[in-house]
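Fold and contact review
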Amino acid sequence: MRFINRRVELKRLSQQLALFRRGEWDNTCHLALLGLRRTGKTFLLKHFLDHLVDHDAMHTVYVDVSKIANSPRDFARSVVLAALQSATGSRSEELLDLALQTEHQELIRAIDRFQRVTLESADNVTLFNAAFTVFKELSDRKWVVVLDEFQDILALERFRGIRSIDALFRAHVQEITNVFFLISGSFPTMLKKWLSDQQKYIFSHFSVMHLNELTRDASFELITSRLGDIPHDIKLQFYTHTYGNPYLLSVFARQYRLQEQPVADIFKEQVFDSSGVIYNYYSYLLDESLKLARGEGVLKETLKVMSLAEDDLRAPEISRRLGKSLEEVHAALKELIRVDLIHCQDRRYLFRVVPFRYFLRYRYLGLEQYEYERGDHLQSQVAKLLEAYNRTSSELGRAKEFEVYYHVANAQGKQLWSIRIPRFRTLEKNVDTPHGEIDLLAVTRRGKRWAFEVKWRNKACGIREITSLLAKVDADRYIVLSRKGFTSAAHVKFDQQKNVTMVDLAG
Ligand SMILES: Nc1ncnc2c1ncn2[C@@H]1O[C@H](COP(=O)(O)OP(=O)(O)OP(=O)(O)O)[C@@H](O)[C@H]1O
Ligand SMILES: [Mg+2]
């Protein structure tokens, strides 16, 4: 797979490498590459190690910390093995065998000790520290060491004796001068805070480099490299549907090559269908991010309200729609920012990954139609309801009325639930009447009043509920939506009544 662009980032890495090579280096020169998931961090780092580092002058080590931080023992063994393999150019997995190939007596002794004593020891701090043995023993050589998914190193703090990973790691960063450490992480907000926290020992050893989505030109370059020269407007569609995310671009390009179809259809298949690659990836991303955050329930509800809204909302609006206090909402937003699902701009809350919003909409509501535009304000409209209207959202019951509002507002001038929805002059949610609240009251431009009521219970809606709605408010049309359908008595009484429409959401 051809590597595309990233010229700015590669230049920066190369400049830093040149300083390292010349020895104009101290322990504050290391780099941290931070970027949201699937922005191409691993690809960039591997490309750098493979093509820009002079292998005659330096050894390179790449480890994915998320795979080796299962225990201090696992971490130490994996780093030592990767370093020995790099020093010898061998793929053997035998530590001592590899050490012997170096013919370096001190190292051979150290590895023998590591294998016999350290790996057998139960002391987690000793184990962690031993990970750096090879770099220390082969101190006359230069190393470029990439620790990918570095945030996962914090998992080692669960082990007895390890109180602060950053204190332990810092000790090595300070002592070792023959290693250029390059760390990378997918939770940029958390990692950046960690790296810039003056209370943490690691502070000041790493400069931060951000990796963003690809620019428009770079996205075009990637598409051309995968698909050859295709028309400009199709390239543009790729870009607008992926926002320049290289992973999405790659998946969409692969799909397009298999079957030339409109990019919007690929988007639908990939993002809205549970067999889609992106659907599954986003589900995983959601789970992984929420795992790192506190208060899963309220976070999900907040995301839901945000994903359903047409515009980017401010905190008071989210609080109103959720029916939760501003304080609670602020705490939830803070957590969502911390795990990089959202960010805040001009006091409005936005999704970090734009297509994710559509995925959430679909997942929470079962909505499939959308308009996807890129502009100053992203505009979207969702008009059609899947047959199983929102069955999954009952656990988030509170936001139901809001959903009805949302569907009705978006269906103006169109069909919804087999009803022709007119254009309304006003739409009001949760309207208080002397006889109780109604979910939605909409008034057409000609002054006709439409009342909507949702019955979200586990039994069929009967005559009594419908009669009570008619008594609550004086309207021209009554639309009753029921999750569990209607009793036959209700059908007998109201089927012929023109101003009452019963919508069975189950069927
Ligand atoms: N510069 C690039 N040129 C071509 N394709 C790229 C580039 N960067 C990323 N990609 C594509 O995007 C995919 C994801 O990239 P990569 O795995 O490097 O992202 P990442 O940021 O490391 O993701 P994660 O957060 O999941 O570790 C790659 O498999 C590749 O298909
Ligand atoms: Mg990666």
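Given the structure is predicted, the values throughout are model-derived calculations rather than measurements.

Thresholds applied
Residues numbered from 1 in each chain as written. Chains lettered and ligands numbered in written order. Predicted model: local features only at pLDDT ≥ 70, side-chain atom pairs only at ≥ 80, totals over all residues. Pairing = 2+ DSSP bridges. Helix = DSSP H or I, 4+ residues; strand = E, 2+ residues; numbered from the N terminus. Axes fitted to C-alpha atoms, helices over the stretch in contact; angles between N-to-C directions. Near = placed C-beta within 6 Å. Nonpolar A, V, L, I, M, F, W, Y, C, P; charged D, E, K, R; others polar. Buried ≥ 20, exposed ≤ 12 C-beta atoms within 10 Å, placed from the backbone. Arc of directions from axis to C-beta. Contact = placed C-beta atoms within 7 Å. pLDDT = per-residue confidence, 0-100. Right-handed = clockwise from strand over helix to strand, strands pointing away. Core = buried A, V, L, I, M, F, W, Y, C linked by C-beta atoms within 7 Å.

**Topic: the sheet that holds strand E15 (residues 500-504)**
With mixed pairing, five strands are arranged side by side in an open sheet as E11-E12-E13-E14-E15. Pairing within the sheet leaves two strands with one partner each, and these edge strands are strand E11 (424-433) and E15. Looking at each pair of strands side by side, their axes are set apart by 20° on average, direction ignored. Direction of pairing for strand E13 (residues 449-455) relative to strand E14 (residues 477-482): parallel, over a ladder of six bridges. Bridge pairing links lysine 455 to serine 482 in E14.

**So, the site of ligand 1**
Near ligand 1 lie 18 residues; those nearest to it are Ile4, Gly40, Thr42, Phe43 and Pro246. Partitioned by chemical class, the residues of the shell around ligand 1 number seven nonpolar, seven polar and four charged.

**What about helix H9 (residues 165-175)?**
Within the span of H9, buried status applies to Ile165, Asp166, Leu168 and Phe169. Projected down its long axis, H9 shows its buried positions confined to an angular sector of 160°, all on one face. Relative to its buried face, H9 has exposed residues pointing more than 90 degrees away, namely Ala167, Gln174 and Glu175. Residues of H9 that are buried make contact with helix H7 (124-130).

**Things to note about the confidence of the model for the protein**
Residues of the protein with pLDDT of at least 70 account for 91%, and the chain-wide mean is 85. Low pLDDT (under 50) marks residues 367-399, which in the prediction has 58 contacts with non-local residues, meaning those over four places away or in another chain.

**Considerations on the pairing of strand E4 (residues 179-185)**
Within E4, seven of the seven residues are buried, which leaves the element mostly enclosed by the surrounding structure. What you see with E4 is no split at all: Val179, Phe181, Ile183 and Gly185 on one side and Phe180, Leu182 and Ser184 on the other are buried throughout. Pairing between strand E1 (residues 30-35) and E4: four bridges, direction parallel. Along E4, the bridge assignment pairs leucine 33 with serine 184. Where strand E3 (residues 142-148) and E4 come together, five bridges link them in parallel fashion. Its bridge partner being in E4, valine 146 is matched across the sheet by leucine 182. The parallel pair E3 and E4 is bridged by H9, and the resulting crossover is right-handed.

**Some words on the nonpolar core**
Burial of nonpolar side chains together is a common tendency in soluble globular proteins. Counting residues in hydrophobic clusters, the biggest one holds 61 residues, and the most contacted among them are Ala83, Val145 and Leu182. Not counting chain neighbours up to four residues away, the residues in contact with leucine 182 comprise Leu31, Leu33, Leu45, Val144, Val145 and Val146. Among the nonpolar cores identified, the runner-up in size contains 44 residues, and Leu303, Leu322, Val329 and Leu336 belong to it.

**Focus: the environment of arginine 38**
For arginine 38, the position within the fold is in the loop between E1 and helix H2 (41-52). A C-alpha to C-alpha distance of 8.4 Å links arginine 38 and leucine 248, two positions 210 residues apart in sequence. The contact partners of arginine 38, leaving out residues within four places of it in the chain, are Asn245 and Tyr247.

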